[in-house]
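Examination of the molecular architecture
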Amino acid sequence: MAAPMGRPESGSDRADGAPGAGPPRLSGARRVIAVASGKGGVGKSTVAVNLALGLAGRGLRVGLLDADVHGPNVPLMLGVRRRGEAADWGAIVPLATAGEISPGQRLPALDRYGLKTMSVGLLVGEDQPALVDNAPLVGLLVRGLLSLVDWGEPDVLLLDLPPGTGEPQATILRTVRLDGVVLVVTPQDLARLDTGRALAAFRAADVPIVGAVENMSFLLCPGCGDRIQVFHRGRVPRAVLGDDVPLLAEIPIDPALSEAADTGRPVLIADPDGPQAARFRDLAAAVAERLGIAREWGVDG
Ligand code: ADP
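Notes on the structure in this doc start here. (Residues numbered from 1 in each chain as written. Predicted model: local features only at pLDDT ≥ 70, side-chain atom pairs only at ≥ 80, totals over all residues. Heavy atoms only, no water.)

Next up on the list: the environment of arginine 31. Tracing the backbone through its elements, the reader meets arginine 31 in strand S1 (residues 31–37). Linking arginine 31 and leucine 178, residues 147 residues apart in sequence, is a C-alpha distance of 7.8 Å. (Helix = DSSP H or I, 4+ residues; strand = E, 2+ residues; numbered from the N terminus.)

This next bit is on the environment of isoleucine 253. Relative to the assigned elements, isoleucine 253 resides in strand S11 (residues 247–253). Remark: the alpha-carbon pair of isoleucine 253 and serine 217, spanning 36 residues in sequence, is separated by 6.8 Å. Excluding residues that lie within four positions of it along the chain, isoleucine 253 makes contacts with Met216, Phe218, Leu219, Val230 and Phe231. (Contact = heavy atoms within 4.5 Å.)

Quick look at the pairing of strand S9 (residues 209–220) now. Moving residue by residue along a regular strand, the side chains alternate between the two faces of the sheet. The buried count for S9 comes to nine of twelve residues, which makes it a mostly enclosed element. Where strand S8 (residues 180–185) lies against S9, five bridges are found, and the strand directions are parallel. Bridged to valine 181 within S9 is isoleucine 209. Judged from the five bridges that link them, S9 and S11 form a sheet pairing that is parallel. Of the residues in S11, the one forming a bridge with glutamate 214 is glutamate 250. By the bridge criterion, two bridges tie S9 to strand S10 (residues 227–228) in an arrangement that is antiparallel. The residue bridging leucine 219 from the neighbouring strand is isoleucine 228, located in S10. What sits between S9 and S10 in their antiparallel hairpin is a turn of six residues, with glycine 225 showing a positive phi close to 80 degrees. (Buried < 20%, exposed > 50% of the residue type's maximum accessible area, 1.4 Å probe, protein only. Pairing = 2+ DSSP bridges.)

Here we come to unusual backbone geometry. One non-glycine residue with positive phi stands out, namely tyrosine 113, at about 50 degrees. For tyrosine 113, the position within the fold is in the loop between strand S4 (110–112) and strand S5 (115–119). Here tyrosine 113 falls in the partly exposed class, since its relative accessible area comes to 24%. Even without glycine at this site, glutamate 153 takes up a positive phi of about 50 degrees. Mapped onto the fold, glutamate 153 is located in the loop between strand S6 (149–150) and strand S7 (156–160). Residue classification places glutamate 153 among the exposed residues on the basis of a relative accessible area of 56%.

Before going further, it helps to spend a moment on the nonpolar core. Grouped burial of nonpolar side chains is what soluble globular proteins tend to show. Ranked by size, the top nonpolar core spans 43 residues in total, and within it Leu51, Leu55, Leu64, Leu158 and Leu283 carry the most contacts. Residues in contact with leucine 158, not counting those within four places in the same chain, are Ile33, Val35, Ala48, Leu51, Ala52, Leu55, Gly63, Leu64 and Leu65. Listed in part, the 39 residues of the second largest apolar core include Leu26, Ala36, Leu178 and Leu183. (Core = buried A, V, L, I, M, F, W, Y, C linked by side-chain atoms within 4.5 Å.)

Here we come to the pattern of salt bridges. As enumerated under the stated definition, the model contains eight salt bridges in all. Ionic pairing is found between lysine 44 and aspartate 68, a salt bridge with its closest N-O pair at 3.0 Å. On the criterion of sequence distance, the pair formed by lysine 44 in helix H1 (residues 44–56) and aspartate 68 in the loop between strand S2 (62–66) and helix H2 (74–78) is long-range, its members being 24 residues apart. Taking relative accessible area as the criterion, lysine 44 reaches 6% and is therefore assigned buried. Among the salt bridges present, the one from aspartate 160 reaches lysine 44, with a minimum N-O distance of 2.6 Å. Of this pair, aspartate 160 sits in strand S7 while lysine 44 is found in helix H1, placing the two residues 116 residues apart along the sequence. The same class applies to aspartate 160 as to lysine 44, namely buried. Ionic contacts of the salt-bridge type, sharing partners, join the residues Arg30, Arg61 and Asp155 into one network. (Salt bridge = Lys/Arg side-chain N within 4 Å of Asp/Glu carboxyl O.)

Ring pairs (aromatic) are described by centroid distance and by the angle formed between their planes. Evaluation of the coordinates by the stated rule reveals zero aromatic pairs. Taking NZ or CZ as reference, arginine 227 lies 3.8 Å from the ring centre of phenylalanine 218, over its face. (Phe/Tyr/Trp six-rings, centres within 6.5 Å; stacked < 30°, edge-to-face > 60°. Lys NZ or Arg CZ within 6 Å of the ring centre and 35° of its normal.)

Quick look at the site of the ligand now. Around the ligand there are 16 residues in total, and Lys44, Ser45, Thr46, Asn215 and Pro252 lie nearest to it. At 2.9 Å from an oxygen atom of the ligand is found a main-chain nitrogen or oxygen belonging to serine 45. Residue proline 252 places a main-chain N or O atom 2.9 Å away from a nitrogen atom belonging to the ligand. When the free accessible area of the ligand is taken as 560 Å², the share hidden by the protein chains comes to 82%. Listing elements by their share of the shell around the ligand, those giving two or more residues are H1, S9, S11 and helix H8 (255–263). Here the residues of the shell around the ligand sort into seven nonpolar, seven polar and two charged. (Near = heavy atom within 4 Å. Polar contact = N/O pair within 3.5 Å; in protein donor to acceptor, adjacent residues only side chain to side chain. Areas by Shrake-Rupley, 256 points an atom, 1.4 Å probe, with all protein chains shown as cover. Nonpolar A, V, L, I, M, F, W, Y, C, P; charged D, E, K, R; others polar.)

Every buried residue of helix H6 (residues 167–175) is accounted for by Pro168, Gln169, Thr171, Ile172, Leu173 and Thr175. Turning to H6, the residues buried within the fold contact helix H5 (135–148), S7 and helix H7 (193–204).

Such coordinate-based values are descriptive only and should not be taken to indicate function.
Written out as structure tokens, the structure is:
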């Protein structure tokens, strides 16, 4: 088990306590943690949803903000749908930029499986592709979702970030102070530049790395139970992570995970006693440990 990361100082903008520097801290949330990846399609949202449920299962109040403007899949994975038309975010954005939002103007977060959740996908029309390229709009939208949605003072607010190190992600890093990031990788990424670039981007933004989750790590042979390494691991497997980035979990390829995503019932809900649910619970325990949650907050360790 890797060492705890230490607790950021409260009331200051930065973990090192320097006032005024860096993006603002979100008031009301004890920890704001990003789930990120160097590229798309690696299972970042799958991990974000199940990590959120795993943390909630430990008695924590958990919010999950789907800020993946490339492909906001969290609503699908949690089985929540937008009712009627997209919200009029022409009205939401000016409220967000004004900074001061009265309680009466807050949007309720959606309650699902014990989580509070909201997604850019629920606010923006599904046929609105220009958002990704519009950095100011991404910033306004995410700032609006953070400050306008009533997250109910969560212990942990997880942010499902857009993949990669491009402008949408950089905009979000400038928008809110993150207390840590969980990086989702696949075995073949570890030999490529994506993971190193993503780590460098978070280090440059002064965001502590909670650890990595290797998704699609292996396949269990249904006949013999052997571990099959589907992806080539490269010559220096995992070296790109370095000594200071613990590998928090290895999640195998399992059709149950993809079925869970499609049916809106995450594996921790659909099959809580199964092996993948156990892996995500262990991941949540490891993340809680790294964040110092168990020790400091009196939650079960
Ligand atoms: P990302 O957020 O990185 O784009 P998603 O979490 O949306 O990735 O996952 C992409 C697709 O892969 C989804 O259909 C998801 O159900 C599937 N998937 C993710 N992880 C696994 C896994 N370990 N086993 C099987 N399917 C998976």
